[in-house]
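Chain and residue survey
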Amino acid sequence: MTPKTPHLLLQLHGVQQQIAVITLNRPAKRNALNDALILALRDCFQNLPSSVRAAVVHGNGDHFCAGLDLSELSERDASEGVLHSRMWHQALDCVEKGSVPVVAALHGAVVGGGLELASACHIRVADNSAFYALPEGTRGIFVGGGGSVRVPKLIGAARMADMMFTGRVYNAPDGERIGLAQYLVPEGSALDKAIELATCIADNAPMTNYALMQALPRIAEQPADHGLFTEALMAAVSQSTPEAKARVRAFLEGKAKKVSTPAPPAAPPP
Ligand code: 1HE
């Protein structure tokens, strides 16, 4: 499936074409998301080839994404504004609740709707150039792409309110510290790291990835007692699959990798 706009690219990586690399390709406008690009993202995630087991989203040029294309904002009335926001919700739901886990590779500006898109992904890898902001506050508007739901889940409502009240910008290390990204990597290496992680995710048993995408977020919203019950059902379903049995057997027979400590970070140059 080829996206209908040149501002979105889809490439398949991996021996089995199991990784989809989706590129925001509007660098002259800092990958600002106009309606065509949002709809293309929705269509792309709804129609990923069946070989795909994990996806990566990143931006061409110096920035991940400058958010909503502000040039399209001016003429909308209130009812059109509701429909526009709902269109974003639908598109970003296709990212978060689609068929495969999604890793965002972040660099440069991750702002406004760009942060909303990143928040809809399952893992965020940021390089050292990344910075995060919600300039909606200073532009006199509000988030409309699911940010009020997803961003507080990462950093809490108080930090999000601060970003919007005061225009606070977080740099890459602070973004990782507060939970905007799970990985911080040297400048220029976010895409490689995201593809490495996606390759690892694609290798999981499909039912594990399904449980992480479909059960975990629902359990998080259930009362604890309901969550524990859902967990028990999901645990039973996943462990009953032939793939789970084969993987456990491989470990018991000494044929599967052990859990080991990660390599220490490289020493800084003298
Ligand atoms: C844009 C946009 C945009 C750049 N809509 N055209 N988002 C914002 O408020 C962020 C606005 N953008 C910026 O603060 C900066 O552009 C950046 C920090 C991202 C990058 O700075 P820089 O110096 O690399 O680029 P630039 O010179 O500011 O921009 C280059 C071009 O991209 C320029 O157009 P040109 O025709 O003059 O070359 C900019 O106008 C254009 N451009 N960002 C339209 N966002 C679902 S609700 C979500 C609500 C929001 O996301 S609100 C937050 C919007």
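Residues numbered from 1 in each chain as written. Predicted model: local features only at pLDDT ≥ 70, side-chain atom pairs only at ≥ 80, totals over all residues. Heavy atoms only, no water.

1. Quick notes on the site of the ligand
Under the convention used in this document: Being near a molecule or strand, for a residue, comes down to having at least one heavy atom within 4 Å of it. The definition of a polar contact used here is a pair of N or O atoms within 3.5 Å, where within protein one atom must be able to donate a hydrogen and the other to accept one, and adjacent residues in sequence count solely through side-chain atom pairs. For the accessible areas, the method is Shrake-Rupley and the probe is 1.4 Å, while residue cover comes only from the protein chains on display.
Looking at the ligand, there are 22 residues lining it, with Lys29, Ala66, Leu68, Gly113 and Arg139 nearest. Note that an oxygen atom of the ligand is positioned 2.6 Å from one of the side-chain N or O atoms of Lys29. Within the side chain of Arg30, a nitrogen or oxygen atom sits 2.9 Å from an oxygen atom of the ligand. Relative to its unbound accessible surface of 1000 Å², the ligand loses 65% to contact with the protein.

2. Describing the pairing of strand β6 (residues 123-127)
To keep things clear, this is the line we draw: With a 1.4 Å probe rolled over the protein chains alone, any residue whose accessible area is under 20% of its type maximum counts as buried; one over 50% counts as exposed, and the rest are partly exposed. Secondary structure follows DSSP: runs of H or I at least 4 residues long count as helices, runs of E at least 2 residues long count as strands, and numbering of each begins at the N terminus. Criterion used throughout: strands pair if DSSP finds at least two bridges between them.
In terms of residue burial, β6 counts as a mostly covered element, since 5 of its 5 residues are buried. Residues Ile123, Val125 and Asp127 line one face of β6 and the alternating positions Arg124 and Ala126 line the opposite face, and both faces are buried. Relative to β6, strand β4 (residues 102-106) is paired through 4 bridges, and the arrangement is parallel. Counterpart to Leu106 in the pairing with β6 is Ala126. Judged from the 3 bridges that link them, β6 and strand β9 (residues 183-185) form a sheet pairing that is parallel. By the bridge assignment, Ala126 is partnered in β9 with Leu184.

3. Here we look at the nonpolar core
Put simply, the rule reads: Put simply, a nonpolar core is a bunch of buried Ala, Val, Leu, Ile, Met, Phe, Trp, Tyr and Cys residues held in one set by side-chain atoms that sit within 4.5 Å of each other. The criterion used for residue contact is that any of the two residues' heavy atoms lie within 4.5 Å.
Within the largest apolar cluster, 50 residues are counted, with the highest numbers of intra-cluster contacts made by Ile22, Leu41, Phe45, Leu48, Phe64 and Tyr132. Those residues in contact with Ile22 that lie beyond four places of it in its chain are Leu8, Leu9, Leu10, Leu41, Cys44, Phe45, Leu48, Ala55, Val56, Val57 and His58. Of all hydrophobic cores here, the second largest spans 16 residues; its members include Val185, Ala198, Ile201 and Ala202.

4. Quick notes on the confidence of the model for the chain
Here is the rule: How sure the predictor is of each residue is captured by pLDDT, a score from 0 to 100.
Here the chain averages 96 in pLDDT, while 99% of its residues score no lower than 70. Per-element confidence in the chain is highest for β4, whose mean pLDDT is 99, and lowest for helix α4 (residues 136-139), whose mean pLDDT is 92.

5. Notes on the side chain of His63
Among the structural elements, His63 can be located in the loop between β3 (54-59) and α2 (78-96). Within polar-contact distance, the side chain of His63 engages the backbone nitrogen of Ala109 at 2.9 Å.

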